[in-house]
Every structure is written in structure tokens, then in C-alpha cells.
Amino acid sequence: MALQVGNFLVLVWLLQRFLYRPVAALIERRRAATDQAFAEAEAARAAAEREGETLRAARAALAGEREALLTEAAAEGLRQRESILDQARRDAEAYLTRARTSLAEARDAVVATLKREAEALAVDMAAAILRQASSPAVAEAALETLSGRLVPLTGPATVAVVTAPALDEAARDRWSRRLTALLGPEAVIAFTTDPALIAGARILLPTRHFSLHWAEALAGARGEAG
């Protein structure tokens, strides 16, 4: 029994020295390696999570920036569209204004032309009517008015009496005596006709002219019409 107990104790000592301690040390090393591996894995997982958070934050920032850029682009597009529309409206209004002005000017020009043509036609018609209605009596009435403006001459002179139409011989004699009495005995009265006077008379003195006839009035009316 003593020998067996001794052998057992020796075996236990041998096992403890040469088997248990190395195995325990190996297990301890394996445990330490495993703990280190778990720690490294945890650190890697934490780093991966941090990287993921960073990526997610970057993605969110990119998405926000993209959304902001899209919003700004849309706003800029709207501004450009409004600017183009405003410019188009201004151009259209300017074109309409120019068109209205051109139409008004053209209308005024046409109206003015028609007015001038109508007035000229009226003057021509009046001249034609007065030529038809012209008579020696009208010419003598004009001479009656003009004779009131005459003053005696200071010397001999020829006085031309122009009428339209011509005066008959009796009328010429009557007016010759009357004008001589007004101008003086040295006045030489000469009668002539001018159809261009239309109706009326003209007295031509050496230094002055006296006129009263429709041609002058119609010429003034035609000038105003033009």
C-alpha cells in the first residue's frame, strides 16, 4: 500500500509537472489569443460601425446637397423662365406700341391726304363754278371796291385795269372817266382781260397794285389746304 501510494504521488507529481502545467499554460495562451482575437474583432466591428456611420452621414450629406442643388436648379430655371417671359412680354408690348404708333401715323397721313384732296377738289369746283358765274357785273363790283382805295397821281402814268371777263365798251368808257376823275387828268387808262382772275378786277398803278378777285382767294384757300 505504501508503495502504491508512493507511486501514485509520484505519478501525480509527474502529471502536474509535465502535463498539467504545460496544458494549463497552453490553454491560458489559447484563451489569451482568443480574447485578443475577440477584442480585435470587436475593435474591427466598432471601426466598421464608425465607418458605416461616416458613410451614412456622407451619403445623407450628399443626398441633402443633391436635393439643395436640384432645388436651386429648379429655382434658377423658374427665374430664367420668368425672365424670358417678362422679356417676351416687354418685347410684345413694345411691338404693339410701335404698331399702334405706325397705324396712327398712317391713319393721320391718310386723313390729312384725303383732307387736302377734298379741300383742293372743293377749291377747284368753286373755281369752276365761279368761272361759269363770272360776269362783267362782278368785275365792276370789284372795281367799285378798289376805286375807294385810289388817290390822285402826282404825274402822268398809265393805269392798267384788268378784269375777268372783259368789260363792254360802255362800261370801259364809264370806268375810264371815273378813274380819270379819281387819279387825275394825266392818267392814261388801259383795259385788258385775264381769265385767270376767275371773277374780279385788278388796278395796276406805276407804284402800287390793287386786286380784288376770286383767283387770289382760291389760291389762298388752296395753299391752306396744301
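Everything discussed here concerns the structure shown above.
This text gives an overview of the structure that appears in the document.

Its 12 residues place the ends of helix H2 (residues 136-147) 16 Å apart at the C-alpha level, agreeing with the 16 Å of an ideal helix rising 1.5 Å per residue. Restricting attention to buried positions, one finds in H2 the residues Ala 139, Glu 140, Ala 142, Leu 143, Leu 146 and Ser 147. The arc enclosing the buried residues of H2, seen along the axis, measures out at 155°, which places them on a common side. Elements in contact with the buried residues of H2: strand E1 (157-164), helix H3 (169-183), strand E3 (200-204) and strand E4 (209-213).

With respect to the secondary-structure elements, Glu 140 resides in helix H2. Looking at Glu 140, its side chain comes within polar contact range of the side chain of Arg 174, at 2.6 Å. When near neighbours in sequence (up to four residues on either side) are disregarded, Glu 140 contacts Leu 167, Ala 171, Arg 174 and Trp 175.

All right, on to H3 then. Between the first and last C-alpha of H3 there are 21 Å, a value that for 15 residues agrees with the 21 Å anticipated at 1.5 Å per step. Where the residues of H3 are buried, they touch H2, E1, strand E2 (187-193) and E3. A positive backbone phi angle near 120° is found at Gly 184, which sits one or two residues after H3.

All told, the structure shown has 10 salt bridges when counted by the stated rule. Notably, a salt bridge pairs Glu 82 with Arg 81, separated by 3.5 Å at the nearest N-O pair. Among the residues examined, Glu 82 registers a relative accessible area of 38% and is labelled partly exposed. Its relative accessible area of 49% is what places Arg 81 among the partly exposed residues. Between Arg 174 and Glu 140 there is a salt bridge, with its nearest N and O atoms 2.6 Å apart. Pair noted here: Arg 174 is in helix H3 and Glu 140 is in helix H2, with a separation of 34 residues, a long-range link. On the basis of relative accessible area, Arg 174 is assigned to the partly exposed category, the value being 40%. Taken together, the shared-partner salt bridges connect Glu 28, Arg 31 and Asp 35 into one network.

Reading guide: rules and limits
- Residues numbered from 1 in each chain as written.
- Predicted model: local features only at pLDDT ≥ 70, side-chain atom pairs only at ≥ 80, totals over all residues.
- Heavy atoms only, no water.
- Helix = DSSP H or I, 4+ residues; strand = E, 2+ residues; numbered from the N terminus.
- Expected span 1.5 Å × (residues − 1).
- Buried < 20%, exposed > 50% of the residue type's maximum accessible area, 1.4 Å probe, protein only.
- Arc of directions from axis to C-beta.
- Contact = heavy atoms within 4.5 Å.
- Polar contact = N/O pair within 3.5 Å; in protein donor to acceptor, adjacent residues only side chain to side chain.
- Salt bridge = Lys/Arg side-chain N within 4 Å of Asp/Glu carboxyl O.

Keep in mind these values describe shape, not function.
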